[in-house]
Amino acid sequence: MLFDRRPILLANARIIDPSRELDFAGDLLIADGLIRDAKRGIGAAGVPEGTEIVDCRGNVVAPGLIDMRAFVGEPGGEHRETLSSASQAAAAGGVTTIISQPDTTPVVDDPAVVDFVQRRARDTAIVHVHPMAALTKGLKGEEMSEIGLLKAAGAVAFTDGARSIVNAQVMRRALTYARDFEALIVHHTEDPNLVGEGVMNEGEFAARLGLMGVPKAAETIMLERDLRLVALTGGRYHAASLTCAESLEVLRRAKDAGLPVTASASINHLTLNEIDVGHYRTFFKLSPPLRAEDDRKALVTALAEGLIDVVMSDHNPQDVEVKRLPFAEAAFGAVGIETMLAAGLRLVHSGEVKLATLLKAMSSRPAELLGLPGGTLRPGAPADVIVIDPDVPWVLDRNELKSKCRNTPFDEARMQGRVLRTIVAGRTVYEYV
Amino acid sequence: MNIVPKSSFVLGHRHLLGIEGLSRSDIIGLLDLAEEFVELNRQIEKKSTSLRGRTLINLFFEASTRTQASFELAGKRLGADVMNMAVGSSSIRKGETLIDTAVTLNAMHPDIIVVRHYASGAVELLAQKVDCSVINAGDGSHEHPTQALLDALTIRRRKGNIERLVVAICGDILHSRVARSNIILLNTLGARVRVVAPSTLLPPGIERFGVEVTRDMREGLAGADIIMMLRLQRERMNGSFVPSTQEYFYYYGLDQKKLGYAKPDALVMHPGPMNRGVEIDSIVADGAQSLIREQVEMGVAVRMAVLEALSRNFPNA
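Worth saying up front: this structure is predicted, and the values here are computed from it rather than measured. Residue positions are given per chain, counting from 1 as you read along its sequence in written order. Lettering for chains starts from A, numbering for ligands starts from 1, and both go in the order in which the items are written. Selection of residues for local features in this predicted model requires a pLDDT of at least 70, selection of side-chain atom pairs for listing and counting requires 80 or more, and totals for whole chains, interfaces and linings are taken over all residues. Just so you know, side-chain values use all the structure's heavy atoms and leave hydrogens and water out.

## With respect to the overall build of chain B
Per the convention used, a helix needs a DSSP run of H or I reaching at least four residues, while a strand needs a run of E reaching at least two, with both numbered from the N terminus. Helix and strand counts for chain B stand at 11 helices and 9 strands. Each radius of gyration reported is based on C-alpha atoms, and the globular scaling rule is 2.2 Å times the count of residues to the power 0.38. A compact globule built from 317 residues would reach a C-alpha radius of gyration of about 20 Å, and chain B, at 19 Å, matches this within 12%. Projected onto its principal axes, the C-alpha positions of chain B cover 55 × 45 × 35 Å. A separation threshold of at least 6 residues defines the contact pool for chain B, and within that pool the share at least 24 residues apart is 74%. Methods summary: accessible areas were calculated by the Shrake-Rupley approach with a probe of 1.4 Å, and residue burial reflects only the protein chains presented. Accessible surface, chain B as shown: approximately 12,900 Å² in total, 50% of it carbon and sulfur. A positive count includes Lys and Arg, and a negative count includes Asp and Glu. His and the chain ends are not counted in either. Where a charge sits is defined by one atom per residue type, namely NZ (Lys), CZ (Arg), CG (Asp) or CD (Glu). Averaging the positions of the 37 positive and the 35 negative side-chain charges in chain B gives two centres separated by 2 Å. The criterion used for residue contact is that any of the two residues' heavy atoms lie within 4.5 Å.

Next comes the structure, spelled out in structure tokens:
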């Protein structure tokens, strides 16, 4: 792929840098893949010759988003998504860094597979990709993986992806061992025995549809257990996807006690609820399941307060073969990397979350947790930058999505705000025209 | 002899996917029409011609004797050509998806497909992919609308009315499509519905269905006009949802003693097939208060009514 390598001046912008809590009108200069300057009135006069000057017309310039939880099909599930197609979708959604999950075939539990993902991404993807590696070998929840070697190979965190580790002893040892390497453990908190045959939130709606429910306790019990193990071990821990008010209480207590604990919420759980399942709409079949409206509201409040650290897409491409099935038999998951920001802006327009807070949870906060250099507009930082029109209205057509799969819960949704330009390492990789 | 139904009721829906979505007048219209077929079915000459030239496919993904036979007979008595798809030996077992099956059958131009499937919502999914009418003959734990209609017809014929009757539905409410359809139908017609079950067999949120909930048969059956027993599946008997069949029968099995808690003229129903000695005692099942055989008879009449009422919407009908 050929990219324009000229310097870029993003002029007349509203510059929001959540890493420094800055929000001001000014210009941002990019050259040699780095952010050179961000201040008021750089202007056309103060830039090198040949600079591409982009008039942002008051639109927002922010750090490129870091999506902390995306399931990509490669290796092993290339019919669903490749690193290339995921990166195209990411760029269109303003995501400049994908954190891929280890649930692939083969599993990312070997330094060679970490290396493979990074090389394939380097050769085929238009945004950065950093893999999380498996916390246990084969994602079996039994023996811990080579945390030290995997980290040295480039794994940014350790997780069993969409699976939970049932054995508390395994989790305790992993947290203890990971502490020596300052490795972050990310855990999907759902007790699989309590989930049982459950396919949606437990309650009246599941009962009416004749579907088995997943109780909120499946999540809260696992989270509570984990946080007690964190207290015991001191390992760094991140809850992968919290969904309900009860879990937020547990999280708050652990944070108040000073434990090294953080948490994500998915864009789906922040903007949708169980009623969206309607009559067996499998694109809304998610793990963990969409909860009640009260839980959604609690999550949004927690995001606004900073109790929820990270908003991620939980991007999970599933093709029609596994989605056009009766609800109980259909696969879990929804694509989301391309719509995460637009959906998140709903919370901004409704007045529930400040734009800077949303951007922080999607960029600078994940960068801090994962030790990545992005997520900031500080001069000298890598030029991963996006331009957003936060107000333009549009309607999502799933056939226009860049992902190989179209299982979006936002088909035909009215959106307000979109990404106009995505710049990765100083090169424009996406432009909305 | 050819009996032309007197009722001119037409169901204002293309499919019958559930009781949910039917109005009170839809339900009463179907029951009135079914009454006429009860009479027809008791004659020597049982044939009508209203579905002559029409094709009905019975597509059963789950084994069923009585429902399948009932639909087959109903279709044949109305003059339709009836085909039974035996799923056990078909390509569905070879990995063909439900939607592929629907598209394949649709290409054969059936007029009505009757579907039973083990997954909730599966019949609705299939209905979205075909051009003909679809009747839900039971989908997972969701709905079984013709069962609820035949139960209502049976009750109405014996009690004259459904309004204000106390109906106790007992047993595995959690997994029962019969219970869900009956709760909606009986509430629509103004009955007082109770559910009686151990807490492990009650779906969370049941108290929001407009029913009285109790875990005790004595309390649940007190003053009941109708007792509906539900089947407890074998795999749920031993330790998973209830400790044993013995314990279940002791607390929830309908025997003479528990029947005595209900009104003296209370009637007993069961959608079949029964587990004698698990949810119901043989003496009660075969006793004077049992309506179980009558339910089967009403089943054919109700299914004829549903087929007839849907077919009146067909082009050139």
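## Focus on the pairing of strand S6 (residues 65-70) of chain A
All names here are of chain A. Exposure is judged per residue with a 1.4 Å probe applied to protein chains only, and the accessible area is read against the type maximum: over 50% gives exposed, under 20% gives buried, and values in between give partly exposed. Burial within S6 is extensive, with 6 of its 6 residues counted as buried. Two strands pair under a simple rule: DSSP has to find at least two bridges between them. As paired strands, S6 and strand S7 (residues 95-100) are joined by 4 bridges and run parallel to one another. Note that in S7 the partner of Ile66 across the bridge is Thr97. With helix H1 (residues 83-92) bridging S6 and its parallel neighbour S7, the resulting β-α-β unit is right-handed. Seen with the strands pointing away from the viewer, any crossover whose path from the first strand over the helix to the second strand runs clockwise is right-handed.

## Here we look at the packing of aromatic side chains
Residue and element names in this part refer to chain B. Stacked, tilted and edge-to-face are the three classes assigned to paired rings of Phe, Tyr and Trp, where Trp is represented by its six-membered ring and a pair needs centres within 6.5 Å; plane angles under 30 degrees give stacked, over 60 edge-to-face, the rest tilted. Applying the stated rule across the entire model yields 3 aromatic pairs over all chains. With 4.9 Å between their ring centres and 85 degrees between their planes, Tyr250 and Tyr251 make a pair best called edge-to-face. Overall, Tyr250 belongs to the exposed group, its relative accessible area being 59%. Definition used: whenever NZ (Lys) or CZ (Arg) falls within 6 Å of the ring centre and also within 35 degrees of the ring normal, the charge is taken to sit over that ring. Between Lys258 and the ring centre of Phe249, over which it is positioned, the NZ or CZ distance is 5.8 Å.

## Quick notes on the pattern of salt bridges
Throughout this description, the term salt bridge denotes a Lys or Arg side-chain nitrogen within 4 Å of a carboxyl oxygen of Asp or Glu. Throughout the structure, instances matching the rule amount to 41 salt bridges over all chains. Among the ionic pairs, A:Glu204 bridges to B:Arg208, the shortest N-O distance being 2.4 Å. On the criterion of chain membership, the pair formed by A:Glu204 in helix H6 (residues 204-209) and B:Arg208 in the loop between strand S6 (192-196) and strand S7 (212-214) is interchain, its members lying in two chains. Residue B:Glu294 pairs with B:Arg158 through a salt bridge whose shortest N-O separation is 3.3 Å. Of this pair, B:Glu294 sits in helix H11 (residues 292-311) while B:Arg158 sits in helix H5 (residues 145-159); the two residues are 136 residues apart in sequence, bridging distant segments of the chain. A single network of salt bridges, built from pairs that share partners, joins A:Lys255, A:Asp309, A:Arg365 and A:Glu368.

## Some remarks on the sheet that holds strand S4 (residues 133-139) of chain B
Residue and element names in this part refer to chain B. The strand order S2-S1-S3-S4 describes an open sheet built from 4 strands, whose pairing is parallel. Each edge of the sheet is formed by a strand with only one pairing partner; in this case those strands are strand S2 (81-86) and S4. Going from strand to strand, the sheet's axes swing by 15 degrees on average, the running direction of each strand aside. As defined by bridge partners, strand S1 (residues 55-60) adjoins S2 across 6 bridges and the pair is classed as parallel. Bridged to Thr55 within S2 is Asp81. In this fold H11 packs onto S1, strand S3 (112-117) and S4, with an angle of close to 150 degrees to the strand it touches most, S4. Between N-to-C directions, angles span 0 to 180 degrees; the directions come from axes that are lines fitted to C-alpha atoms, helices contributing only their stretch in contact.

## A closer look at the packing of helix H4 (residues 168-180) of chain A against helix H7 (residues 217-233) of chain A
Residues and elements named next belong to chain A. Between H4 and H7, the least distance of the axes is 10 Å, while the angle of their chain directions is 40 degrees. One finds that H4 runs oblique with respect to H7. By crossing handedness, the relation of H4 to H7 is classed as right-handed. Where H4 approaches H7, its residues Ala168, Met171, Arg172, Leu175, Thr176 and Arg179 are matched on the opposing element by Arg225, Asp226, Leu229, Val230, Leu232 and Thr233. Amino acids outside the nonpolar list (Ala, Val, Leu, Ile, Met, Phe, Trp, Tyr, Cys, Pro) and the charged list (Asp, Glu, Lys, Arg) are all regarded as polar, and Gly is one of them. A class-by-class count of the residues in the contact of H4 with H7 yields 6 nonpolar, 2 polar and 4 charged. Oblique is the label for every angle not falling under 35 degrees (roughly parallel), over 145 degrees (roughly antiparallel), or within 65 to 115 degrees (roughly perpendicular). A clockwise turn of the near helix away from the far one marks a right-handed crossing, whereas an anticlockwise turn of less than a right angle marks a left-handed crossing.

## Quick word on the interface of chain B and chain A
Each side of the interface is counted separately: chain B has 24 residues, and chain A has 16 residues. Buried area adds together the accessible area that both of two parts lose upon being put together, with accessible area traced by a 1.4 Å probe. Between chain B and chain A, roughly 1,600 Å² of surface is buried when both sides are summed, and carbon and sulfur atoms account for 58% of that area. Across the contact surface, chain B and chain A share 1 salt bridge. Polar contact is defined as a pair of N or O atoms within 3.5 Å, subject to the rule that within protein one atom must be able to donate a hydrogen and the other to accept it, and that residues adjacent in sequence are counted only when both atoms are side-chain atoms. Put simply, chain B and chain A have 6 residue pairs in polar contact (both at pLDDT 80 or more) between them. Secondary structure elements with two or more residues in the side of chain B that touches chain A: helix H3 (98-106) and helix H4 (122-127) of chain B. Residue contributions to the side of chain B that touches chain A peak at 3 residues, all from H4(B). Residues belonging to the side of chain B that touches chain A are distributed by class as follows: 10 nonpolar, 8 polar and 6 charged.

## A few points about the side chain of B:Asn182
Take B:Asn182: it is sitting in helix H6 (residues 177-188). Since its relative accessible area comes to 1%, B:Asn182 is described here as buried.

## Quick notes on the environment of A:Ala38
Residue and element names in this part refer to chain A. Locating Ala38 in the fold gives a position in strand S3 (residues 34-39). A relative accessible area of 14% means that Ala38 is categorised as buried. When residues no more than four places from it in sequence are discounted, the contact partners of Ala38 are Phe24, Asp27, Leu28 and Leu377.

## What to know about the sheet that holds strand S9 (residues 133-134) of chain A
All names here are of chain A. Here we have 6 strands laid out as an open sheet, ordered S9-S10-S11-S14-S15-S16, and parallel in their pairing. Looking at which strands have only one partner, the edges of the open sheet turn out to be S9 and strand S16 (310-312). Two elements, strand S10 (residues 158-159) and strand S11 (residues 184-187), share 2 bridges in a ladder whose sense is parallel. Note on S11: the bridge partner recorded for Phe158 is Ile185.

## Topic: unusual backbone geometry
Residue and element names in this part refer to chain A. Note that the residue after Ser287, namely Pro288, is joined by a cis bond; omega there is -5 degrees. The topology assignment puts Pro288 in the loop between helix H9 (267-271) and helix H10 (293-305). Backbone geometry places Arg57, a non-glycine residue, at a positive phi of 50 degrees. Mapped onto the elements, Arg57 comes out in the loop between strand S4 (52-55) and strand S5 (60-63).

## Concerning helix H12 (residues 340-349) of chain A
In terms of burial, H12(A) is largely enclosed, as 7 of its 10 residues are buried. Trailing H12(A) by a residue or two, A:Gly351 shows a phi angle of about 85 degrees, which is positive.

## Considering the environment of A:His269
All names here are of chain A. Turning to its location among the elements, His269 is positioned in helix H9. We classify His269 as buried; its relative accessible area is 3%. His269 sits 24 residues away from Glu293 along the chain, and the two C-alpha atoms are 9.6 Å apart. Setting aside residues up to four positions removed in sequence, His269 forms contacts with Ser241, Thr243, Pro288, Pro289, Leu290, Arg296 and Leu299. Within the local environment of His269, its side chain forms a polar contact with the backbone oxygen of Pro288, the two atoms lying 2.9 Å apart.

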